[in-house]
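Coordinate analysis (summary)
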Amino acid sequence: MLKSCGSRGRNHHLRSQDGRGGEKPRDGAKASWHRGLNPAAFFLPSPQDGPSSPPEGAITAAAAAAEGSAASRSPPGPPQPARLPAPAAMLAACGPPFRAALRRAAPPGLASFHSSARRPRGARVAVVLSGCGVYDGTEIHEASAILVHLSRGGAEVQMYAPDVPQMHVVDHSKGQPAEAESRNVLVESARIARGKITSLAKLTTADHDAVIFPGGFGAAKNLSTFAVDGKDCKVNREVERVLKDFHKAGKPIGLCCISPVLAAKVLSGAEVTVGHEEEEGGKWPYAGTAGAIKELGGKHCVKEVTEAHVDTKNKVVTTPAFMCETELHNIFDGIGAMVKNVLKLTGK
């Protein structure tokens, strides 16, 4: 049953007070740092590492024999620090598949995590990203959850992004725009895709059975101008083409968080959800978006964060995700419901 938005709901349009677009993150947000280096660095010694014991089984039989021969020719002496074998010896001790993986570890040779496993062919799903980072691009948790659920569902995944500049760059540790910086949506999205990404201009319905749009403010800033213009927003030309092509082909479209506004704008009369229509003490901080969806020509359906709404007529599946202030596992479950229904609609 559809519920209408009451007059009490505020239509934020995701605008900041300075008009630049986008809500500011809460204070205290911190950037995370990871050892995102060549995977071989975790297994091969570094000159700065100094003497240490090699991994168990790393010294080959030939290396051990050489050690024994040297010991028989030399008189006993003081104990010497353990010596690491040469990288070639370490690789020789590994199985062929592992050696091959290490040798091609540097991008772009590293196999993509979402397509490396061989399995019976399932649905072919395109995932459209909008950058990297919730406040100026794709919400990374949402993108990861989508990929996990697609993997469990046996789908073949290819990621896309428009090759355009970002609206602006936000310093996520401060929640403020970085005035002197500019970034490209495709280049930034490649971080999430582990380098395996394609320009959105090359996405066609002939190659895929479904398409999914994660959320994040990039959907309202880079895939459209919703963050600035609200109901009068414009949608990126390629994004609009993809939505119309999949709709015309009768192939399912999945969207979460703020991205359902794209379907509401492009597909007149489409039923979508962004959760509840009242803020309810801050639990649904973007509840006003439900009113904007109606102004865009869409129909809003109230759903819980763990649920997905299926518009069977238009084959549009949506879930609130981070439109709700809740625990991460609830968002993960809601995205799982969205992905499951998208895959079900593909018939594969």
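Structural notes, computed from the coordinates. (Residues numbered from 1 in each chain as written. Predicted model: local features only at pLDDT ≥ 70, side-chain atom pairs only at ≥ 80, totals over all residues. Heavy atoms only, no water.)

1. Concerning the overall build of the protein chain
Within the protein chain, the regular secondary structure consists of 11 helices and 11 strands. When the 348 residues of the protein chain are sorted by exposure, 43% land in the buried category. Of the contacts formed within the protein chain by residues at least 6 apart in sequence, a portion of 76% connects residues at least 24 apart. In the structure as shown, the protein chain presents an accessible area of about 18,000 Å², 53% of it carried by carbon and sulfur atoms. (Helix = DSSP H or I, 4+ residues; strand = E, 2+ residues; numbered from the N terminus. Buried < 20%, exposed > 50% of the residue type's maximum accessible area, 1.4 Å probe, protein only. Contact = heavy atoms within 4.5 Å. Areas by Shrake-Rupley, 256 points an atom, 1.4 Å probe, with all protein chains shown as cover.)

2. Looking at the sheet that holds strand S2 (residues 156-161)
Spatially, the 7 strands line up as an open sheet ordered S5-S2-S1-S6-S7-S11-S10, and their pairing is mixed. Edge strands, defined here as strands with exactly one partner in the open sheet, are strand S5 (197-199) and strand S10 (309-311). Across this sheet, the average inter-strand angle for adjacent strands is 25°, counted without regard to direction. Sheet topology places strand S7 (residues 253-256) next to strand S11 (residues 316-319); 4 bridges connect them, and they run parallel. When the sheet's bridge partners are listed, Gly254 is paired in S11 with Val317. (Pairing = 2+ DSSP bridges. Axes fitted to C-alpha atoms, helices over the stretch in contact; angles between N-to-C directions.)

3. Some details on helix H4 (residues 140-152)
Taking 1.5 Å per residue as the helical rise, H4 with its 13 residues ought to reach 18 Å, and the 18 Å between its terminal C-alpha atoms agrees with that figure. What H4 keeps buried is the set Glu142, Ala143, Ala145, Ile146, Leu147, His149 and Leu150. In the core, the buried residues of H4 are packed alongside strand S1 (124-128), S2, helix H5 (185-192), strand S6 (210-213), S7 and helix H11 (328-346). Structurally, the start of H4 carries an N-cap: the backbone nitrogen of His141 is 2.8 Å from a side-chain oxygen of Glu139. Two residues or fewer past H4, Gly154 is found with a positive phi of approximately 80°. (Expected span 1.5 Å × (residues − 1). Polar contact = N/O pair within 3.5 Å; in protein donor to acceptor, adjacent residues only side chain to side chain.)

4. Describing the packing of H4 against H11
Where H4 contacts H11, the two axes come as close as 9 Å, and the packing angle between them is 50°. What the angle tells us is that H4 and H11 run oblique. In this structure, the crossing between H4 and H11 has a hand that is right-handed. When H4 is examined against H11, the residues His141, Glu142, Ala145, Ile146, Val148, His149, Leu150 and Arg152 are found in contact with a partner set consisting of Leu328, Phe332, Ile335, Gly336, Met338, Val339 and Leu343. In terms of residue class, the contact of H4 with H11 is built from 10 nonpolar, 3 polar and 2 charged. (Parallel < 35°, antiparallel > 145°, perpendicular 65-115°, else oblique. Left-handed = near helix turned anticlockwise from the far one by under 90°. Nonpolar A, V, L, I, M, F, W, Y, C, P; charged D, E, K, R; others polar.)

5. Concerning the environment of Glu238
Within the secondary structure, Glu238 is located in helix H8 (residues 237-248). Along the backbone, Glu238 and Ala201 are 37 residues apart, and their C-alpha atoms lie at a distance of 6.2 Å. The residues contacting Glu238, other than those within four sequence positions of it, are Leu200 and Ala201. Only 2.7 Å separates the side chain of Glu238 from the side chain of Arg241, close enough to count as a polar contact.

6. Structural notes on the packing of aromatic side chains
Applying the stated rule across the entire model yields 2 aromatic pairs. Between Phe217 and Tyr286, the aromatic rings sit 6.3 Å apart at their centres with planes inclined by 80°, giving edge-to-face as the arrangement. Pair noted here: Phe217 is in the loop between S6 and helix H6 (218-221) and Tyr286 is in the loop between strand S8 (271-272) and helix H10 (289-295), with a separation of 69 residues, a long-range link. For the pair shown, Phe217 and Tyr286 are each scored as buried. (Phe/Tyr/Trp six-rings, centres within 6.5 Å; stacked < 30°, edge-to-face > 60°.)

7. Digging into unusual backbone geometry
Non-glycine residue Cys257 carries a positive phi angle of around 65°. Note that Cys257 resides in the loop between S7 and helix H9 (260-266). Under the relative-accessibility criterion, Cys257 is labelled buried at 7%. The phi dihedral of Lys315 falls on the positive side, at around 55°, and the residue is not glycine. Along the chain, Lys315 falls in the loop between S10 and S11.

8. Section: the environment of Ala190
Along the chain, Ala190 turns up in helix H5. When the C-alpha positions of Ala190 and Leu129 are compared, they lie 8.9 Å apart, and in sequence the two are 61 residues distant. Those residues within four positions of Ala190 in sequence are excluded, and the remaining contacts are Gly195 and Ile197.

9. Re the pairing of S7
Every second residue of S7 is oriented toward a common face, with Ile253 and Leu255 on one face and Gly254 and Cys256 on the other, all of them buried. Of the strand pairs in this sheet, S6 and S7 are connected by 3 bridges, and their pairing is parallel. Note that in S7 the partner of Val211 across the bridge is Ile253.

10. Quick look at the pattern of salt bridges
Side chains that carry opposite charge are capable of pairing whenever their charged atoms lie near each other. Tallying each qualifying case throughout the model produces 10 salt bridges. A salt bridge links Arg183 to Glu188; its shortest N-O distance comes to 3.4 Å. For Arg183, a relative accessible area of 32% puts it in the partly exposed group. Residue Glu188 is classed as buried on the basis of its relative accessible area of 6%. (Salt bridge = Lys/Arg side-chain N within 4 Å of Asp/Glu carboxyl O.)

11. Section: the state of the cysteines
Considering all chains together, one arrives at 0 disulfides under this definition. Cysteine Cys256 is unpaired, with the sulfur of Cys257 as its nearest cysteine sulfur at 6.2 Å. Classification of Cys256 by relative accessible area gives buried; the value is 0%. (Disulfide = S-S within 2.5 Å.)

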